[in-house]
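# Geometric and topological summary
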Amino acid sequence: MKEKVLKLNPTRLVLAGLLLLMPFALPSIDMVRQIDHEIVDLRAELAPRGASDRLAFVAIDKESLDHVGQWPWPRSVHADIIDALMSAGAADVFLDVDFSTPSTPEGDQALAAALERAGGGVLLPVFEQHQHIQDAASVAVTHPIELLAQHSWPAAANVIVDDAGRFRGFGAGLSVGDVILDSAPVLLAGVQRPDLPVLPIDFSIHPGSVSVISAADLLRGEANPDLLRGRSVVVGAYATELKDLFPVPVYGILSGPMLHVLAAETLLQDRVPQVIPVWPLGLLLALTLLGGSKLLRTQRVETVAAIAIMVSCLLEIGGYLLQREWSLQLLSVTYHLMIVTGLAAVLLEKIGLAAWLLEIASAERRNSRRILKRVISDSTDAVLIIDSGGRIIDLSRSATNFFDVPYGLRRGADFRAGVPAQIVALVERLSLTVTVTDKLLPSVKEEIMVMQNGQPLDLEVAVTLSRLEDNMHEDAGFSSFVSCLTIRDVSARKAYETKLRRLSQIDDLTGALNRRELVNRLAQCGDQGVAMAVAAIDLHRFASVNTTFGRATGDHLLSAVARRLMAGAHEIASDSTRAFVARLGGDVFCVAVAVGEAENLATIPERILALFVKSFDAHGIKVHMDVRIGACLLADALGAAASLDAAELALDEAKKIGGSGWHVYDPLAAVQQAKRMRLEQEMRHALRDNQFFLTYQPQVAMASGAVSGAEALMRWRHRDLGLVSPLDFIEVAESNGFICELGRWALVEACSAASSWPSHLTVAVNVSAVQFAKADLCADVGHALALSGLEPGRLHLEVTETAFLLDPERLLRQVTELRALGIGIALDDFGTGYSSLGYIARFPFDKIKIDQCFIRGIVDNPANQAIVQSIQSLARGLGMATVCEGVEEEAEWRMLAGFGCQQGQGYYFGKPQTAEELLEGINQKRPEYRAIA
């Protein structure tokens with residue numbers, strides 16, 4: 001008995017444990033599970049079956065979308081579909097459309113009435129969805145709106161996907177509070193909910209066998225009623241643009257409603273897939289393999305392989321039959337892997353595993369030594385292997401004459417006699433750090449410079465220590481190791497790096513520094529406490545030189561300017577070693593010079609301007625250049641980069657000067673610029689966060705003082721800055737194009753507010769010139785009117801005179817189109833901008849708004865009286881009304897009314913206020929809203 005125990009083979013024991021463990025471990029591995037899914041899907045594809053005659057699919061396809069002409073459909077269309085299905089004798093109807101948000105009151109009422117006529121036989125979807133993209137755990141249940149839910153039956157519609165992202169089933173039910181809602185397939189099939197968390201689909205049921213009817217045919221009355229009578233019907237998206245599509249096994253992509261049909265068919269045909277547990281059959285297979293291993297070892301290799309293949313084939317045939325007949329899924333990958341493992345173990349034992357592994361290891365060692373020796377010999381670097389005594393054990397061919405040694409380096413020689421002293425010192429220093437107890441020996445890499453043949457030589461030296469196995473001295477505290485030296489000549493690389501560093505610091509064309517290098521040098525001066533003046537220089541009208549004489553002449557001019565600035569900077573600087581010239585880009589240069597403690601910053605730009613008095617010789621052409629300069633001092637509070645930005649900010653101010661000139665950095669201007677940048681960055685978020693709002697200033701009939709309308713004025717309540725003036729943010733919005741989006745929002749808001757006012761009141765909305773240039777203003781106005789229901793004649797658009805700077809013909813076309821819609825058009829701020837009498841005569845304006853600068857103080861100003869009377873006379877002759885802005889006193893009102901002006905606006909009649917306050921004042925007939933006798 002003892003002999004039998006001693007003869008137990010450890011390899012066989014490991015194999016037995018592995019085979020017994022595999023049925024439990026392998027099915028949970030992702031790759032095994034994925035392959036099992038693929039095999040199950042292949043069986044379903046090889047055994048297709050048809051659908052029953054108890055379900056039908058009404059598809060919202062491309063033809064249906066074209067038939068209705070819009071999406072989402074008006075809910076009255078869904079009501080028509082329900083009525084048509086009920087008339088055709090359909091049983092239950094599942095309307096797979098999200099009705100969780102209200103539509104128009106008329107559409108919601110129409111759909112609710114159709115649901116009520118259906119007698120509660122219509123199912124509407126209820127599903128879970130993530131509440132926030134950044135919080136995967138927050139889930140909300142989405143219901144139809146209450147009006148529709150009262151006359152329908154809720155059905156859960158949650159989908160389940162596998163690890164590969166493919167749809168395989170629905171949730172069998174959905175918990176909503178204390179109630180569990182059945183899924184749509186369960187209700188459509190009319191069977192008891194299966195006791196499963198997930199309702200899997202039998203994808204052997206072919207979707208092509210399902211009765212499908214286009215919703216367009218149903219709406220036109222052309223659908224075959226025999227396909228609907230007595231059947232449960234699923235109505236839902238099929239068109240690709242509706243994006244209700246899911247990746248599925250076997251068929252690739254299917255629509256969501258078709259998946260509901262297939263799930264219901266799975267229940268109706270009693271084909272709910274069930275997975276056969278792996279471990280029972282797996283244990284039986286493992287015991288069979290272990291029990292028959294002795295017999296298999298006596299057979300030929302071909303016989304063993306044939307038996308394994310036959311067993312695998314039988315497993316697959318059985319799995320196919322089980323799935324085709326009873327929808328039982330056999331996960332066979334684990335069994336195949338067990339068979340392969342057993343086969344490999346038998347084959348390895350037959351050929352002698354231990355001897356084979358030993359021979360492989362021996363061959364690998366021989367090959368490693370051969371390859372290592374070849375690598376050392378052929379290395380282009382000098383490679384030396386030396387022992388702990390300094391004797392050369394091996395070396396590369398390139399190392400033989402790497403150094404200027406009379407007889408060269410060779411095996412067996414002392415390396416210290418042939419290499420520079422710096423390398424010898426590096427090896428000895430590293431060797432002294434080695435102790436007997438060190439497990440991991442050190443290595444080092446350094447760059448050194450040596451002299452060879454009178455020339456400097458840059459070397460990169462890597463030294464690695466490796467311990468040798470020495471059993472003879474193991475107990476004596478003896479440490480035996482070798483050193484591997486790899487020596488590389490990096491002189492060319494060093495020279496190239498120096499050249500690259502120089503190229504990275506200068507501008508290719510002019511030889512001046514680039515921006516990054518200038519900032520680095522300014523930072524160094526700042527760290528050393530050197531006061532520096534920074535001047536940004538713009539060549540005025542340089543583009544005209546390129547246009548007139550060509551780019552080659554322009555490049556010569558830039559080079560000539562850079563040379564003169566470099567020479568002049570050394571004379572201007574109080575320390576000539578602290579004089580830098582850089583090209584910031586295009587035709588902008590920068591001069592940074594050290595300044596003395598008593599020196600005035602203003603003298604620096606004056607001395608730079610003096611450098612440009614003489615003309616430049618550019619490619620044989622004499623060119624005189626005017627320059628604008630922005631200057632600042634390098635300040636600790638700003639830093640180098642910020643000081644350069646400050647100089648460029650001052651340059652922006654200097655560019656407003658005609659010809660040559662300069663401007664010194666003003667911190668207040670920087671604060672305004674920073675505020676503008678902040679407003680530009682935050683205004684898009686502000687619109688989404690509802691920080692913008694509209695106020696309304698009354699407009700009155702001058703003859704009676706009765707309110708005739710109001711002008712919508714935009715305001716911004718910033719969360720940090722408080723109320724931001726329109727003078728600040730409108731200009732920013734126009735410069736970055738955001739005014740188009742703001743304008744669309746203002747149109748919708750103003751029209752929506754005015755739709756609740758008395759029908760005789762109009763609303764005026766300012767329109768920017770940018771909106772005429774970049775936006776589709778007619779479409780924006782049409783959208784606002786359609787959304788609000790406001791009559792077109794109650795909307796007036798106010799156009800500023802800056803719009804005439806655009807293409808006048810384009811402006812005329814747009815104004816004409818707006819007038820054709822019934823919109824009133826007013827010319828705003830007349831008399832202060834760019835309009836001419838020719839423009840006014842051509843354009844079909846309804847009103848001219850006289851700017852408030854002509855109205856204020858008009859009682860005591862004869863000149864303003866004459867101007868207003870002239871404008872009024874001009875407008876009357878052109879058939880236009882006049883609106884007077886800025887009326888603040890009763891005397892002004894009476895005088896303007898006497899001139900015949902039709903409308904007025906100003907604080908005398910009412911301040912800007914909310915839509916609610918305006919409507920309340922009109923209804924209560926407060927004093928400021930009626931004529932003053």
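Now for a look at the structure at hand. Here the residue index of a chain counts from 1 through its sequence in written order. With the structure being a predicted model, the display of local features is reserved for residues of pLDDT at least 70 and the display and counting of side-chain atom pairs for 80 or more, all residues being used for whole-chain, interface and lining totals. Based on all heavy atoms of the structure, the side-chain values leave hydrogens and waters out of the count.

### Some remarks on the overall build of the protein
Looking only at helices and strands, the protein features 31 helices and 37 strands. For a compact globule of 933 residues, the expected C-alpha radius of gyration is about 30 Å, and the protein comes in at 44 Å, more than 25% above that figure. With the principal axes as the frame, the protein shows a C-alpha extent of 130 × 100 × 50 Å. When a residue's accessible area, from a 1.4 Å probe over protein chains only, is under 20% of the maximum for its type it is buried; when over 50% it is exposed; and in between it is partly exposed. Taken across its 933 residues, the protein has 44% of its residues classed as buried. By the criteria applied, helices consist of DSSP H or I runs no shorter than four residues and strands consist of E runs no shorter than two, each listed in order from the N terminus. C-alpha atoms define the radius of gyration in this analysis, and the globule rule sets the expected value at 2.2 Å times the number of residues to the power 0.38.

### Observations regarding the packing of aromatic side chains
For Phe, Tyr and Trp, where Trp contributes only its six-membered ring, two rings pair if their centres lie within 6.5 Å, and the inter-plane angle classes them as stacked under 30 degrees, edge-to-face over 60, or tilted in between. Inspection of every chain in the model, using the stated rule, returns 13 aromatic pairs. Both rings, one in Phe 692 and one in Phe 729, keep their centres 5.5 Å apart while their planes meet at 70°; by these two values the pair is edge-to-face. Here Phe 729 lies in helix H23 (residues 726-736) and Phe 692 lies in strand E29 (residues 692-701), a separation of 37 residues in the sequence. In this structure, Phe 692 and Phe 729 share a single accessibility class: buried. Members of the aromatic cluster, joined through ring pairs, are Phe 692, Trp 716, Phe 729 and Trp 745.

### Side note on the pattern of salt bridges
Think of a salt bridge as a Lys or Arg side-chain nitrogen and an Asp or Glu carboxyl oxygen that are within 4 Å of each other. In the structure shown here, the tally under the stated rule is 36 salt bridges. With a shortest N-O distance of 2.7 Å, Asp 83 and Arg 117 are connected by a salt bridge. Here Arg 117 lies in helix H6 (residues 105-117) and Asp 83 lies in helix H5 (residues 75-87), a separation of 34 residues in the sequence. In this structure, the salt-bridge partner of Glu 446 is Arg 429, at a minimum N-O distance of 3.2 Å.

### Here we look at the environment of Arg 819
Topologically, Arg 819 is positioned in helix H27 (residues 808-820). Taking the relative accessible area as the measure of exposure, Arg 819 reaches 32% and is therefore partly exposed. Along the backbone, Arg 819 and Asp 728 are 91 residues apart, and their C-alpha atoms lie at a distance of 31 Å. Note on definitions: a residue-residue contact is assigned when non-hydrogen atoms from the two residues lie within 4.5 Å. Setting aside residues no more than four positions away along its own chain, Arg 819 makes contact with Ile 825, Pro 844, Phe 845 and Asp 846. Any N or O atom pair separated by 3.5 Å or less is treated as a polar contact, with the protein-specific requirement of one donor-capable and one acceptor-capable atom, and with residues adjacent in sequence counted only for side-chain atom pairs. There is a polar contact of 3.5 Å between the side chain of Arg 819 and the side chain of Asp 846.

### Quick word on the nonpolar core
Counting residues in hydrophobic clusters, the biggest one holds 80 residues, and the most contacted among them are Phe 692, Tyr 696, Leu 795, Leu 797 and Leu 896. When residues in this core are grouped by element, the largest group, eleven residues, is from helix H24 (residues 739-754). Ile 60, Trp 73, Ala 88 and Val 233 belong to the second largest nonpolar core, which has 35 residues in total. By convention a nonpolar core is built from buried Ala, Val, Leu, Ile, Met, Phe, Trp, Tyr and Cys residues, the set being connected through side-chain atoms within 4.5 Å.

### Looking at the sheet that holds strand E27 (residues 627-633)
At least two DSSP bridges between two strands are required for those strands to pair. Here five strands make up an open sheet; going across it, the order is E23-E24-E22-E27-E28 and the pairing mixed. The open sheet terminates on both sides in strands that have one partner only, identified here as strand E23 (579-585) and strand E28 (661-664). Neighbouring strand axes in the sheet, compared pairwise and without regard to direction, differ in orientation by 20° on average. Note on method: axes are straight lines fitted to C-alpha atoms, helices fitted across the in-contact stretch only, with angles between N-to-C directions ranging 0 to 180 degrees. Contacts from helix H21 (residues 639-654) reach strand E22 (532-539), E23, strand E24 (588-594), E27 and E28 within the one sheet, and its direction differs from that of E27 by about 140°.

### Here's the deal with the environment of Val 77
Here Val 77 shows up in helix H5. When near neighbours in sequence (up to four residues on either side) are disregarded, Val 77 contacts Val 68 and Leu 219.

### Overview of the packing of H5 against H6
Here H5 crosses H6 at 15°, and the two axes come no closer than 7 Å. Considering their axes alone, H5 and H6 lie roughly parallel with respect to each other. For the pair H5 and H6, the crossing hand works out as left-handed. Facing H5, whose interface residues are Arg 75, Ser 76, His 78, Ala 79, Ile 82 and Asp 83, H6 presents Gly 107, Asp 108, Ala 110, Leu 111, Ala 114, Leu 115 and Arg 117. When its residues are assigned to classes, the contact of H5 with H6 shows six nonpolar, three polar and four charged. Roughly parallel covers angles under 35 degrees, roughly antiparallel covers those over 145, roughly perpendicular covers 65 to 115, and oblique covers all other angles. Handedness of a crossing is defined here by the sense of rotation of the near helix relative to the far one, left-handed for an anticlockwise turn of less than a right angle and right-handed for a clockwise turn. We call Asp, Glu, Lys and Arg charged. Ala, Val, Leu, Ile, Met, Phe, Trp, Tyr, Cys and Pro are nonpolar, and the rest, Gly among them, are polar.

### Notes on unusual backbone geometry
Geometrically, the link from Trp 71 to Pro 72 is a cis peptide bond, its omega value of 0° lying close to zero. Within the secondary structure, Pro 72 is located in the loop between helix H4 (62-68) and H5. A positive phi is found at Val 250, a non-glycine position, where the angle reads about 70°. Within the secondary structure layout, Val 250 lies in the loop between strand E13 (245-248) and strand E14 (252-255). A relative accessible area of 26% places Val 250 in the partly exposed class. Even without being glycine, Asn 690 reaches a positive phi, approximately 60°. With respect to the secondary-structure elements, Asn 690 resides in the loop between helix H22 (667-688) and E29.

### Description of the environment of Arg 324
If you trace the backbone, Arg 324 turns up in helix H12 (residues 301-326). As a C-alpha pair, Arg 324 and Arg 271 span 53 residues in sequence and 9.6 Å in three-dimensional space.

### A short note on helix H15 (residues 421-431)
For H15, the complete set of buried residues consists of Ile 423, Val 424, Leu 426, Val 427 and Leu 430. For H15, the buried positions fall inside an angular range of 160° around the axis, keeping them on one side. Those residues of H15 that are buried are in contact with strand E17 (382-387), strand E19 (443-452), strand E20 (455-467) and strand E21 (481-489). The arc refers to the directions leading from the helix axis to the C-beta atoms.

### Let's talk about the pairing of strand E30 (residues 707-718)
In terms of burial, E30 is a largely internal element, ten of the twelve residues being buried. Where E29 meets E30, nine bridges bridge the pair, whose relative direction is antiparallel. Bridge pairing links Leu 694 to Met 714 in E30. Where E29 hands over to E30, the hairpin turn is made up of five residues, of which Gly 705 adopts a positive phi near 80°. Relative to strand E32 (residues 762-767), E30 runs parallel, the two sharing four bridges. Looking across to E32, one finds that Ala 712 is bridged to Val 765. Of the strand pairs in this sheet, E30 and strand E31 (residues 722-724) are connected by three bridges, and their pairing is antiparallel.

### Details of the pairing of E17
Among the six residues in E17, six count as buried, and that is most of the element. Here E17 shows no split at all, with Ala 382, Leu 384 and Ile 386 on one side and Val 383, Ile 385 and Asp 387 on the other all buried. Bridge count for E17 against E21 is six bridges, and the pairing is antiparallel. Across the sheet, Ala 382 pairs through a bridge with Ile 487, a residue of E21. Examined bridge by bridge, E17 and strand E18 (residues 392-395) share three bridges and lie antiparallel to one another. By the bridge assignment for E18, Leu 384 is matched with Leu 395. Hairpin geometry of E17 and E18 is characterised by an intervening segment of four residues between the two adjacent antiparallel strands and by a positive phi of about 95° at Gly 390.

### Considering the state of the cysteines
Count a disulfide wherever a pair of cysteine sulfur atoms falls within 2.5 Å. Overall, the coordinates contain zero disulfides when judged by the stated rule. Lacking any disulfide linkage, Cys 590 is separated from the closest cysteine sulfur, that of Cys 632, by 8.3 Å. Looking at Cys 884, it has no disulfide partner, and the nearest cysteine sulfur is the one in Cys 901, 3.5 Å off. By relative accessible area, which is 0% here, Cys 884 ends up buried.

### Remarks on the packing of helix H19 (residues 551-572) against helix H20 (residues 603-610)
Where H19 meets H20, the axes come as close as 10 Å, and the angle between the chain directions of the two elements is 140°. What the angle tells us is that H19 and H20 run oblique. In this structure, H19 meets H20 at a crossing whose hand is right-handed. Facing H19, whose interface residues are Leu 565, Glu 571 and Ile 572, H20 presents Ile 604, Arg 607 and Ile 608. Counted by class, the contact of H19 with H20 contains four nonpolar, no polar and two charged residues.

### Quick notes on the sheet that holds strand E6 (residues 159-161)
The three strands lie next to each other as E6-E7-E10, forming an open sheet whose pairing is antiparallel. Edge positions in the sheet fall to E6 and strand E10 (198-200), since each has one partner strand and no second. Neighbour-to-neighbour, the strand axes of the sheet open up by a mean angle of 40°, direction not taken into account. Pairing geometry for E6 and strand E7 (residues 167-171), over three bridges, is antiparallel. Considered in E7, the bridge of Val 159 is made with Phe 170. Strands E7 and E10 of the sheet are contacted by helix H10 (residues 256-268), whose axis makes an angle of about 75° with E7.

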